[in-house]
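This is what each chain is made of:
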Amino acid sequence: MAEILVLVDHVDGEVKKVTLELLTLARRLGEPAAVWVGPGYEGAKDKLAEYGAAKVYVAADEELTSYVVAPKAALLAQLVQSASPGAVLVSATGEGKEVAGRLAVKTGSGVLTDVVDVAEGFVGEHSIFGGAIIAHAKVTKGTPIIAVRPNAIAPEAAPAAPAEEQVSVTLSDADKAAKIVERVVQEKGERPDLTEAAIVVSGGRGVGSAENFKIIEDLADALGGAVGASRAATDAGWYPHQFQVGQTGKTVSPQLYIAVGISGAIQHRAGMQTSKTIVAINKDPEAPIFELVDYGVVGDLFQVAPQLTEEIKKRK
Amino acid sequence: MNIVVLVKQVPDTESPRKLKSEDSTLDRAAADGVINELDEYAIEEALRIKEAHGGEVTVLTMGPDKATDSIRKALAMGADKAVHLVDDALAGSDALQTSYAIQQVLGRTGFDLVVLGSESTDARTGLLAAMLAERLGVPQLSLANKVEINGTSITVQRQTDYGYDKVEATLPAVVSVVEKINEPRYPSFKGIMAAKKKPVETLGIADAGIDAGQVGLANAATAVVDFAEAPPRSKGEIVTDEGDGGIKIAEFLASKKFV
Ligand SMILES: Cc1cc2nc3c(=O)[nH]c(=O)nc-3n(C[C@H](O)[C@H](O)[C@H](O)COP(=O)(O)OP(=O)(O)OC[C@H]3O[C@@H](n4cnc5c(N)ncnc54)[C@H](O)[C@@H]3O)c2cc1C
Ligand SMILES: Cc1cc2nc3c(=O)[nH]c(=O)nc-3n(C[C@H](O)[C@H](O)[C@H](O)COP(=O)(O)OP(=O)(O)OC[C@H]3O[C@@H](n4cnc5c(N)ncnc54)[C@H](O)[C@@H]3O)c2cc1C
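Residues numbered from 1 in each chain as written. Chains lettered and ligands numbered in written order. Predicted model: local features only at pLDDT ≥ 70, side-chain atom pairs only at ≥ 80, totals over all residues. Heavy atoms only, no water.

S.K.: Before we move on, could you go through the environment of Ala206 of chain B and cite the residues and values that matter?
M.R.: Within the secondary structure, Ala206 of chain B sits in the loop between β11 (200-203) and β12 (222-229). Once the C-alpha coordinates of Ala206 of chain B and Leu171 of chain B are considered, the two residues, 35 residues apart in sequence, prove to be 29 Å apart. (Helix = DSSP H or I, 4+ residues; strand = E, 2+ residues; numbered from the N terminus.)

As structure tokens, then:
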């Protein structure tokens, strides 16, 4: 069986959930081989084994994470040469897609981006135009490079004892052209990552102010979820931009999405339409968000949301 | 400074977007074309850099004849001139081919800085900046929410999931922007009038030295197998709050095992 290379997504050694999803998917397509880049492997090793990595390529050299994207693509290109994998899987995040782009040029391969599933023959499923169309596509040249949307695949553990292989790559001057001189990790608090969270509670213009976003945060915290926002809310400065959900923000696909005071404009829907269960609170019965919901309440969010938070706490 | 800004015309997200049944490519005639929103931020950033450091801003668009509208708007915002790559042979190109075609045109225009959006609203691949940097062998300064130039050195803040990276490089470079970077200006009446007289060079693939065997649907490295409208979501239950709306949602969530 051919190896399926999975580029591990981690922040300082902490493996992101999307990697476990990619390993689960890789097991269906071939033999999962994780590719670790940068320091911190020792602390992450058990997690990769637990999710079925048959092999781990470890490139621990710190230099590989000191430059923007290019070193990762150089390493993967070398592994594509030496291991002739069936496909390369990366997470469809900003950086994951960029690694895919450079690797595609280096290897003359096609890229499928933002797929929600991959079937036999490496046929990718895409949910496009805000979820209105489901398209299937495949790579016809080179080694399929596939960027998979976080939260689209349910991760399943399948313990294995991976073989480890230390690897290194010599970087060209071009690979070292964009140097990372400082890494700023912004306080994300106790809440899960927006794109990884199983539950997302988002607030929109109806929330009315930055202070009122506490209502959204309280509800999210009662559910152990992440907080999101519509563009109307981020543009108004009520909530930081990195929490924007939608076409020009993050694409989320949680088990549960609760939209509070959000009308459901097409650009917002583009970022949340593939959520499994959708709930909305809105005072306007005509709001388009209600076309999507599994459960909706027409009412004042300042009454309904705090009551919901209290009720959830009571039931715990 | 020779600044080239990449501008893609995309279907307006407000109008229905479709794929054509014959060849599974985007039906660009079915919807109104507008400038890809992030490209307005790219144009704005290019203009600000020009205003601070001098030079010229060239708009580069690959797309059908209809894309001229978007080029005029970019010129009305203040860009100096434009190059429009238009050729039926380019139709259906995927990202790998598009980056090749744009690279060829950049070979003609030359550049100190290429500025583009980090993602389009139609295909949303987010691949172009990385592909171009790789092809051109210049620094990839992508997902930038802040750009500073000092002589030939350039520093950007690269937006990441955890915050940002501060990145340093030397020109020439490729910069892709996110919407936090600036607030695009509206074209003034004067700008709109002036745009009518600004030069737009139209190129076919032969003019740009593009190999016909490396572009277009038939030579793409990706292929659409099939597509269909997504099944509509089953109609949910909608209730009007009568003082117990929150409790009702909690009951629904409990029935789904969320609480
Ligand atoms: C190119 C482009 C890209 C875009 N990208 C994005 C994107 O990524 N993400 C995004 O979200 N938007 C995006 N937008 C903007 C989008 O079109 C909408 O303007 C935006 O989503 C509206 O946000 P909203 O629903 O919070 O506000 P509104 O549309 O104003 O809706 C507010 C809702 O709150 C309800 N409400 C008000 N008060 C209360 C109350 N007390 N109780 C209950 N309900 C109440 C109202 O009935 C209304 O339905 C984009 C637009 C464009 C043109
Ligand atoms: C629904 C859909 C899905 C697709 N999926 C894939 C896929 O999975 N893989 C694939 O290889 N191709 C795919 N394509 C093809 C893709 O649209 C084209 O290859 C496109 O030229 C580049 O993709 P993009 O617009 O997503 O680029 P992005 O990288 O998202 O665009 C970034 C920036 O590049 C610049 N730019 C992009 N195109 C042009 C242009 N023509 N002229 C000037 N500047 C430009 C703009 O500044 C833009 O903001 C898809 C197309 C559609 C319609």
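S.K.: Hey, could you go over the interface of chain B and chain A for me, with residue numbers and the actual values?
M.R.: At the junction of the two partners, chain B supplies 76 residues and chain A supplies 86 residues. As a salt-bridge pair, Glu134 of chain B and Lys106 of chain A come within 3.1 Å of each other at their nearest N and O atoms. Put simply, chain B and chain A have 37 residue pairs in polar contact (both at pLDDT 80 or more) between them. Those elements that place two or more of their residues in the side of chain B that touches chain A are α1 (37-53), α4 (128-136), β7 (140-150), β8 (153-159), β9 (163-170), β12, β13 (237-240) and α6 (245-255) of chain B. (Contact = heavy atoms within 4.5 Å. Salt bridge = Lys/Arg side-chain N within 4 Å of Asp/Glu carboxyl O. Polar contact = N/O pair within 3.5 Å; in protein donor to acceptor, adjacent residues only side chain to side chain.)

S.K.: Explain the packing of aromatic side chains to me, using residue names and the numbers behind them.
M.R.: Under the definition given, this model contains 4 aromatic pairs over all chains. Through successive ring pairs, a cluster of aromatic residues spans Phe213, Tyr239 and Phe243 of chain A. (Phe/Tyr/Trp six-rings, centres within 6.5 Å; stacked < 30°, edge-to-face > 60°.)

S.K.: Give me the lowdown on the domain arrangement of chain A, citing residues and values where you can.
M.R.: All names here are of chain A. Looking at chain A, the domain boundaries give domain 1 (3-166) and domain 2 (194-314). Computed from C-alpha coordinates alone, the two centres of domain 1 and domain 2 are separated by 30 Å. Across the boundary between the two partners, domain 1 contributes 9 residues, which contact 11 residues of domain 2. Here domain 1 packs against domain 2, burying approximately 830 Å² in sum over the two surfaces, 43% of which is carbon and sulfur. Looking only at domain 1, the three residues that lose the most surface to domain 2 are Gly130, Arg149 and Asn151, adding up to 57% of its buried area. Taken together, the connections running from domain 1 to domain 2 amount to 0 salt bridges. Our count for the contact surface shared by domain 1 and domain 2 stands at 5 residue pairs in polar contact (both at pLDDT 80 or more). When the residues that make up the side of domain 1 that touches domain 2 are grouped by side-chain class, the tally is 2 nonpolar, 4 polar and 3 charged. (Domains from an automatic or database assignment. Buried area = accessible area lost by both parts, 1.4 Å probe. Nonpolar A, V, L, I, M, F, W, Y, C, P; charged D, E, K, R; others polar.)

S.K.: Give me the site of ligand 1: which residues, what numbers.
M.R.: The environment of ligand 1 is made up of 26 residues, and the closest members are Arg205, Ser230, Ser263, Gln267 and Asn282 of chain A. Surrounding ligand 1 is a set of residues that belongs to chains A and B. Gln247 of chain A has a polar backbone atom sitting 2.9 Å from an oxygen atom of ligand 1. Between ligand 1 and Asn282 of chain A there is a distance of 2.7 Å, counted from an oxygen atom to a side-chain nitrogen or oxygen. (Near = heavy atom within 4 Å.)

S.K.: Quick rundown of unusual backbone geometry? Include the residues and the values.
M.R.: At the junction of Leu171 of chain B and Pro172 of chain B, the peptide bond is cis and its omega measures out at 0° in the coordinates. Structurally, Pro172 of chain B is set in the loop between β9 and β10 (173-177). Unusually for a residue other than glycine, Asp12 of chain A sits at a positive phi of about 45°. Here Asp12 of chain A is to be found in the loop between β2 (10-11) and β3 (14-15). Positive phi, normally seen in glycine, also occurs at Leu143 of chain B, with a value near 55°. Within the secondary structure, Leu143 of chain B is located in strand β7. A residue is classified by how much of its surface remains accessible, and Leu143 of chain B, at 13% relative accessible area, is buried. (Buried < 20%, exposed > 50% of the residue type's maximum accessible area, 1.4 Å probe, protein only.)

S.K.: Run through the site of ligand 2, naming residues and quoting values.
M.R.: Taken together, 28 residues lie around ligand 2, and Val111 of chain A together with Lys8, Asp39, Asp94 and Ala95 of chain B are the ones closest in. Proximal residues around ligand 2 fall on chains A and B, making this an inter-chain site. Residue Val111 of chain A places a main-chain N or O atom 2.8 Å away from a nitrogen atom belonging to ligand 2. Take Arg124 of chain B: an N or O atom from its main chain is 3.5 Å from an oxygen atom of ligand 2. Contact with the protein chains hides 91% of the accessible area of ligand 2, taken as 930 Å² for the molecule alone. Where the shell around ligand 2 is concerned, the elements lending two or more residues are β7 (111-119) and β8 (123-128) of chain A together with β4 (56-62), α3 (95-109) and β6 (113-117) of chain B. For the shell around ligand 2, the class distribution of residues is 12 nonpolar, 10 polar and 6 charged. (Areas by Shrake-Rupley, 256 points an atom, 1.4 Å probe, with all protein chains shown as cover.)

S.K.: Explain the packing of α3 of chain B against α4 of chain B residue by residue, including any values.
M.R.: Residues and elements named next belong to chain B. Put simply, α3 and α4 touch, their axes get as near as 9 Å, and they point 50° apart. Considering their axes alone, α3 and α4 lie oblique with respect to each other. Between α3 and α4 lies a crossing whose hand is right-handed. Across the interface between the two elements, Ala95, Leu96, Thr98, Ser99, Tyr100, Ile102, Gln103 and Leu106 from α3 touch Leu128, Met131, Leu132, Arg135 and Leu136 from α4. Among the residues making up the contact of α3 with α4, the classes are represented as 9 nonpolar, 3 polar and 1 charged. (Axes fitted to C-alpha atoms, helices over the stretch in contact; angles between N-to-C directions. Parallel < 35°, antiparallel > 145°, perpendicular 65-115°, else oblique. Left-handed = near helix turned anticlockwise from the far one by under 90°.)

S.K.: Provide a residue-level description of the sheet that holds strand β12 (residues 179-185) of chain A, including the pertinent values.
M.R.: A sheet is described by the order of its strands in space; here 10 strands give the open sequence β12(A)-β9(B)-β8(B)-β7(B)-β10(B)-β6(B)-β1(B)-β4(B)-β5(B)-β11(B), paired in mixed fashion. Lying at the two open borders of the sheet, with one neighbouring strand each, are β12 of chain A together with β11 of chain B. Strand-to-strand twist across the sheet, computed as the mean angle between neighbouring axes with direction ignored, equals 25°. Where strand β1 (residues 2-6) of chain B meets β4 of chain B, 5 bridges bridge the pair, whose relative direction is parallel. For Leu6 of chain B, the partnering residue across the bridge sits in β4 of chain B and is Leu60 of chain B. (Pairing = 2+ DSSP bridges.)

S.K.: Could you give an account of a nonpolar patch on the surface, naming the residues involved and the relevant values?
M.R.: A cluster of nonpolar side chains, contributed by Phe189, Ile192 and Met193 of chain B, occupies part of the molecular surface with about 320 Å² of accessible area. With respect to the helices and strands, the residue Met193 of chain B is situated in helix α5 (residues 189-195). (Patch = residues over 30% accessible without salt bridge, like charges linked within 9 Å, V, L, I, M, F, W, Y side chains within 5 Å.)

S.K.: Can you lay out the UniProt feature "domain: Electron transfer flavoprotein alpha/beta-subunit N-terminal" (unreviewed entry) in chain B for me, pointing to particular residues and giving the numbers?
M.R.: Feature annotation in UniProt assigns "domain: Electron transfer flavoprotein alpha/beta-subunit N-terminal" (unreviewed entry) to the following positions: residues 23-212 of chain B. Between the C-alpha atoms that bound residues 23-212 of chain B the distance is 19 Å, and the span itself is 31% helix and 29% strand. (UniProt positions renumbered as here; feature names shortened; annotations may be inferred.)

S.K.: Residues and numbers for the side chain of Gln157 of chain B, please.
M.R.: Relative to the elements of secondary structure, Gln157 of chain B occurs in strand β8. In this view, Gln157 of chain B contacts Leu143, Ala144, Asn145, Lys146, Tyr164 and Asp165 of chain B; residues no more than four positions away in its chain are not counted.

S.K.: Tell me about empty space enclosed by the protein, and name the residues and values.
M.R.: Going through the model one piece at a time under the given rule, you end up with 2 cavities of 30 Å³ or more. If you add up the space inside the largest cavity, you get close to 40 Å³. What lines the largest cavity is Asp9, Lys16, Val18, Thr93, Pro150, Asp193, Thr195 and Glu196 of chain A together with Asp161 of chain B. The class makeup of the residues in the lining of the largest cavity is 2 nonpolar, 2 polar and 5 charged. One number sums up the size of the second largest cavity: a volume of about 40 Å³. (1 Å grid on protein atoms, 1.4 Å probe; cavity = no way out; pocket = protein on both sides within 12 Å on 5 of 7 lines; lining within 4 Å. Points joined across faces, edges and corners; volume = space filled by probe spheres on them.)

S.K.: Tell me about helix α4 (residues 94-107) of chain A, and name the residues and values.
M.R.: All names here are of chain A. Between its terminal C-alpha atoms α4 stretches 20 Å, which fits the 20 Å expected from 14 residues at 1.5 Å a residue. Where burial is concerned, most of α4 is hidden: 10 out of the 14 residues are buried. For α4, the full list of buried residues reads Gly96, Lys97, Glu98, Val99, Ala100, Gly101, Arg102, Leu103, Ala104 and Val105. With its phi angle positive at about 60°, Gly108 sits one or two positions after the end of α4. (Expected span 1.5 Å × (residues − 1).)

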